[in-house]
Amino acid sequence: MAEDRRLARLFASAHRRLESTSGRLEGAAATILDPTGDERLAVDRLLGSRSRGVGLRVPLVRLEAVLQERAGSSLVSMVEAVVGPLRDRPGERAARVEEEKAMWGAALVHPALARHRDLIGWLERQQASGKWRADPDFGAHLDAALSVLERLPSPVPIGRSRLAASVLGSSHALDGIEAVGRLVPAALAYLAGTGLPATSLQRRRLWAGMGVDDDETSSTVLVLGLRPACSGPMTEAVARWADGGVPMPIPLAALQREPWRFPGGELVHACENPSVLHAAGSRLGARCPPMVCLEGNPSVAAVRLIEVLVGERCAVAYHGDFGSGGIAIGNRVIGAMGAQPWRFRVEDYRAGVAHARATGVQCLPLRGRLPEACWDAELASAMARAGVEIEEELVLEDLLADLR
């Protein structure tokens, strides 16, 4: 009977029904839609009846009784011999539901949420989408992503590959083609209130906002008037560019390949925006004192250069935008990297607001979550009351006056 190919579809249907009912026979039936003449004849002979209708429908209870009587076999034994072992699909679904509940429950109490409370909304959105079910290892990937988010923002800028290696044990675990490497930027975009990063530039900006350099290989830092002691072609090139009064990008590899030495006690001005550096180059040329531009969140190269300057006992004075992002960057550069504020205190902010109002300049409204400034306890509250950002370009003349 098991070898009769005309009964194959009948037993296959019975197999599916038994899996869906956890082996229960009552109320279930095997069906064959549009049976061939040979299939109908074989089923009729098996049941000892004559079927009517377009399709065939055989209750499992009746099929069990016939097999017991005619073959001395249970229906379960027969379908397993013909089709294969039975699975308890309802039981598997119930177990999977419990596993998913446990997975999301663990995510909601992960330490990362103590650092980023808004991650709750991201997790709820992820759960509701259902797309995560396409990843059989989603639980492990989600836990890994949360472990990375727990470390962000990094108090001292770090390369993405080094972050991945230190947290996940693999320098490639946060690559864009990896599951965790897609989850973390998606969470960062949610926290930033933006859409998913569609370009490499958007991705780099998301990482940079958390103190992570997305591309250490191409990491650079922009300088002007920097004259290190010449110890090789890299340091000599920087000194030559300073003599020309032209801003120069220094790659991370150059900072790693030669020793960089500077006169102890030298004052180096650091800014956030390239426009300050370019204005200084245009106005002062070769007379411009040493300057470093972070171009937003400091890159790995910028961090390395400032570490060298501070280690050489240079005084690094930093100015940035008076905004949520600018204060966050200031906390890293001043608080964690040893710089000092340059026209970046509460009285400087108030002077900038007064100048904007007196000249009719329209300032941007204060955006994002404003952190406390580690170097000035009154700054954040003053900014919150005024409700506007003061960008470096607005106070450019004051900065250039200091450089002169």
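It should be emphasised that the depicted structure is a prediction, and the values quoted were computed from it without experimental measurement.

What is the right way to read the pattern of salt bridges from this model?
Pairing of side chains with opposite charge becomes possible as their charged atoms draw close. Applying the stated rule across the entire model yields 14 salt bridges. As a salt-bridge pair, glutamate 39 and arginine 9 come within 2.9 Å of each other at their nearest N and O atoms. Linking glutamate 39 in helix H2 (residues 37–47) with arginine 9 in helix H1 (residues 8–20), this pair joins segments that are 30 residues apart in sequence. Given a relative accessible area of 10%, glutamate 39 falls into the buried group. The partner of arginine 367 in a salt bridge is glutamate 389, with the nearest N and O atoms 2.9 Å apart. Here glutamate 389 lies in the loop between helix H18 (379–386) and helix H19 (396–403) and arginine 367 lies in the loop between helix H17 (346–359) and H18, a separation of 22 residues in the sequence.

Hey, could you run me through the state of the cysteines in this one?
Throughout this description, disulfide means a covalent bond between two cysteine sulfur atoms. Inspection of the entire model under this criterion finds zero disulfides. For the unlinked cysteine cysteine 271, the closest cysteine sulfur is that of cysteine 293, found at 4.0 Å. Judged by its relative accessible area of 0%, cysteine 271 is buried. Lacking any disulfide linkage, cysteine 363 is separated from the closest cysteine sulfur, that of cysteine 271, by 19 Å. Of the residues examined, cysteine 363 reaches a relative accessible area of 18% and is grouped as buried.

Which parts of the structure should I look at to understand the environment of arginine 205?
Along the chain, arginine 205 turns up in helix H11 (residues 200–208). Between the alpha carbons of arginine 205 and asparagine 297 there is a distance of 8.6 Å; along the sequence they are 92 residues apart.

Sorry, what's going on with the packing of helix H3 (residues 60–70) against helix H4 (residues 75–82) here?
What describes two packed helices is the angle between their axes and the distance between those same axes. In contact at an axis separation of 9 Å, H3 and H4 are set at 90 degrees when each is read in the N-to-C sense. On the basis of their axis angle, the class for H3 and H4 is roughly perpendicular. Residues Leu60, Leu63, Glu64 and Leu67 of H3 touch H4, and the partners they reach there are Leu75, Val76 and Met78. Considering only residue class, the contact of H3 with H4 consists of six nonpolar, no polar and one charged.

Could you clarify how one ought to interpret the sheet that holds strand E8 (residues 291–293) in this entry?
Within a sheet, neighbouring strands are paired by backbone hydrogen bonds and run either parallel or antiparallel to one another. The six strands lie next to each other as E6-E5-E8-E7-E9-E10, forming an open sheet whose pairing is mixed. Edge positions in the sheet fall to strand E6 (248–251) and strand E10 (340–341), since each of these pairs with one other strand and no more. Where strand E5 (residues 220–224) lies against E8, three bridges are found, and the strand directions are antiparallel. Paired with valine 223 across the two strands is valine 292, which belongs to E8. Its contacts with the sheet place helix H16 (residues 324–336) against strand E9 (315–319) and E10, and it is angled at close to 175 degrees to E9.

Would you take a moment to explain unusual backbone geometry for this structure?
Backbone phi values are negative for most residues with the exception of glycine, while trans is the configuration of most peptide bonds. Between leucine 152 and the following residue, proline 153, the backbone shows a cis peptide bond with an omega angle of -5 degrees. Locating proline 153 in the fold gives a position in the loop between helix H8 (138–150) and strand E3 (158–159). Positive phi, close to 60 degrees, is recorded for serine 22, a residue that is not glycine. By the element assignment, serine 22 lies in the loop between H1 and strand E1 (29–32). One non-glycine residue, aspartate 34, lies in the positive phi region at around 50 degrees.

Looking at this model, I keep getting lost on the packing of aromatic side chains. Mind explaining?
Aromatic ring pairs are reported here in terms of the distance separating the ring centres and the angle at which the planes meet. If you walk through the whole model with that rule in mind, you get seven aromatic pairs. Among the aromatic residues, those joined into a ring-pair cluster are Tyr318, Phe322, Phe344, Tyr349 and Trp375.

Parameters and conventions
Chains are numbered independently. Their residues run from 1 in the order of the written sequence. Note on the predicted model: pLDDT of at least 70 is required for a residue's local features to be given, and 80 or more for side-chain atom pairs to be given and counted; whole-chain, interface and lining totals, by contrast, use all residues. With hydrogens and water set aside, each side-chain value is computed from the structure's full complement of heavy atoms. The salt bridge criterion pairs a side-chain nitrogen of Lys or Arg with a carboxyl oxygen of Asp or Glu, the two atoms within 4 Å. We count a stretch as a helix when DSSP gives it H or I for four or more residues in a row; a strand needs E for two or more, and each element gets its number in order from the N terminus. Note on exposure labels: buried denotes an accessible area under 20% of the residue type's maximum, exposed denotes more than 50%, and partly exposed covers the range between, all computed with a 1.4 Å probe on protein chains only. Any cysteine sulfur atom paired with another within 2.5 Å is treated as part of a disulfide. Here an axis means a line fitted to C-alpha atoms, over the contact stretch when the element is a helix, while the angle between two N-to-C directions is reported on a 0 to 180 degree scale. In these notes the angle categories are as follows: under 35 degrees is roughly parallel, over 145 is roughly antiparallel, 65 to 115 is roughly perpendicular, and the rest is oblique. For this analysis, residues touch if any pair of their heavy atoms sits within 4.5 Å. Gly is placed with the polar residues, together with every amino acid not listed as nonpolar (Ala, Val, Leu, Ile, Met, Phe, Trp, Tyr, Cys and Pro) or charged (Asp, Glu, Lys and Arg). A strand pair is defined by DSSP finding two or more bridges across the two strands. Two rings from Phe, Tyr or Trp (for Trp, the six-membered ring) form a pair when their centres sit within 6.5 Å of each other. Planes less than 30 degrees apart are called stacked, planes more than 60 degrees apart edge-to-face, and all others tilted.

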